[in-house]
Amino acid sequence: MTQISYIAENVALPQLNHEAVASWVEKVAASLGKRVGALSYIFCDDEYILDTNRKYLQHDYYTDIITFDYSNRRRISGDMVISLDTVRTNAEQFAKSYDSELLRVIIHGVLHLCGINDKGPGEREIMEQHENEALAIVPSNIFES
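Residues numbered from 1 in each chain as written. Predicted model: local features only at pLDDT ≥ 70, side-chain atom pairs only at ≥ 80, totals over all residues. Heavy atoms only, no water.

(A) The arrangement of the pattern of salt bridges in detail. Within this structure, the stated rule accounts for 7 salt bridges. As a salt-bridge pair, aspartate 118 and arginine 124 come within 3.2 Å of each other at their nearest N and O atoms. On the basis of relative accessible area, arginine 124 is assigned to the partly exposed category, the value being 26%. Linked by salt bridges that have partners in common, Asp64, Glu101, Arg104, Asp118, Arg124, Glu128 and Glu131 make up one network. (Salt bridge = Lys/Arg side-chain N within 4 Å of Asp/Glu carboxyl O. Buried < 20%, exposed > 50% of the residue type's maximum accessible area, 1.4 Å probe, protein only.)

Laid out in structure tokens, this is it:
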């Protein structure tokens, strides 16, 4: 069974169906030849992620997600710090729903752990393709009501 931890720093935890998230993450990872180990989602506000970005990456800017990769060859493992403030801002900027943007960011971190990058030439388009494929198979019960 996949072990996913959910932590909140200065925000309320999103109302996610943890079993549905685990199933989704496992399917996406398997499609890339990976198995899922221990994952942590740390949901936070902009100030927390800015502090994390400065402290660990020496970057002085806000971002939606920072992924710390502890994976080995076939098993993904890591911590994913997600700013819900930036998720909301990005959803508004790109005319997307907050829920769909949150799911995009949740799976974005998993894709990084699976070895998909988005900084080099042409990599952003490859990442977006994988995100779209993952979003197409999101379980209908991913959010708790």
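Moving on, there is more to tell.
(B) Local environment of helix H1 (residues 18-31). Helix length check: H1, at 14 residues, gives a terminal C-alpha distance of 20 Å against a target of 20 Å (1.5 Å per residue), a fit within 8%. Within H1, burial applies to Ala20, Val21, Ala22, Trp24, Val25, Val28 and Ala29. Looking at where H1 begins, the residue whose side-chain oxygen comes 3.1 Å from the main-chain nitrogen of glutamate 19 is asparagine 17. Positive phi appears at glycine 33, one or two residues downstream of H1, with a value of about 75 degrees. (Helix = DSSP H or I, 4+ residues; strand = E, 2+ residues; numbered from the N terminus. Expected span 1.5 Å × (residues − 1). Polar contact = N/O pair within 3.5 Å; in protein donor to acceptor, adjacent residues only side chain to side chain.)

(C) Representation of the pairing of strand S3 (residues 65-69) within the structure. Relative to strand S4 (residues 75-83), S3 runs antiparallel, the two sharing 5 bridges. Across the sheet, residue isoleucine 65 finds its bridge partner in S4, namely isoleucine 82. Count of turn residues in the S3/S4 antiparallel hairpin: 5 residues. (Pairing = 2+ DSSP bridges.)

(D) Molecular detail of the nonpolar core. Counting residues in hydrophobic clusters, the biggest one holds 33 residues, and the most contacted among them are Tyr41, Phe43, Ile82 and Ile106. Residue assignment for this core shows that the elements contributing at least two residues are strand S1 (3-9), H1, strand S2 (35-44), S4, helix H3 (84-93), helix H4 (98-113) and helix H5 (123-135). Per element, the largest residue contribution to this core is 8 residues, and it comes from H4. Those residues in contact with isoleucine 106 that sit more than four places away from it in its chain are Leu16, Trp24, Tyr41, Phe43, Met80 and Ile82. Counting 6 residues, the second largest nonpolar core, distinct from the first, contains Ile42, Cys44, Phe68 and Val81. (Core = buried A, V, L, I, M, F, W, Y, C linked by side-chain atoms within 4.5 Å. Contact = heavy atoms within 4.5 Å.)

(E) Inspection of the packing of H4 against H5 at higher detail. In the contact formed by H4 and H5, the axes pass within 9 Å of each other and the chain directions differ by 120 degrees. For the pair H4 and H5, the sense of crossing is right-handed. Each of Ser100, Leu103, Arg104, Ile107, His108, Leu111 and His112 in H4 lies in contact with H5, whose residues at this interface are Arg124, Met127, His130, Glu131, Ala134 and Leu135. When its residues are assigned to classes, the contact of H4 with H5 shows 6 nonpolar, 4 polar and 3 charged. (Axes fitted to C-alpha atoms, helices over the stretch in contact; angles between N-to-C directions. Left-handed = near helix turned anticlockwise from the far one by under 90°. Nonpolar A, V, L, I, M, F, W, Y, C, P; charged D, E, K, R; others polar.)

By themselves, these are just geometric observations and shouldn't be taken as functional.
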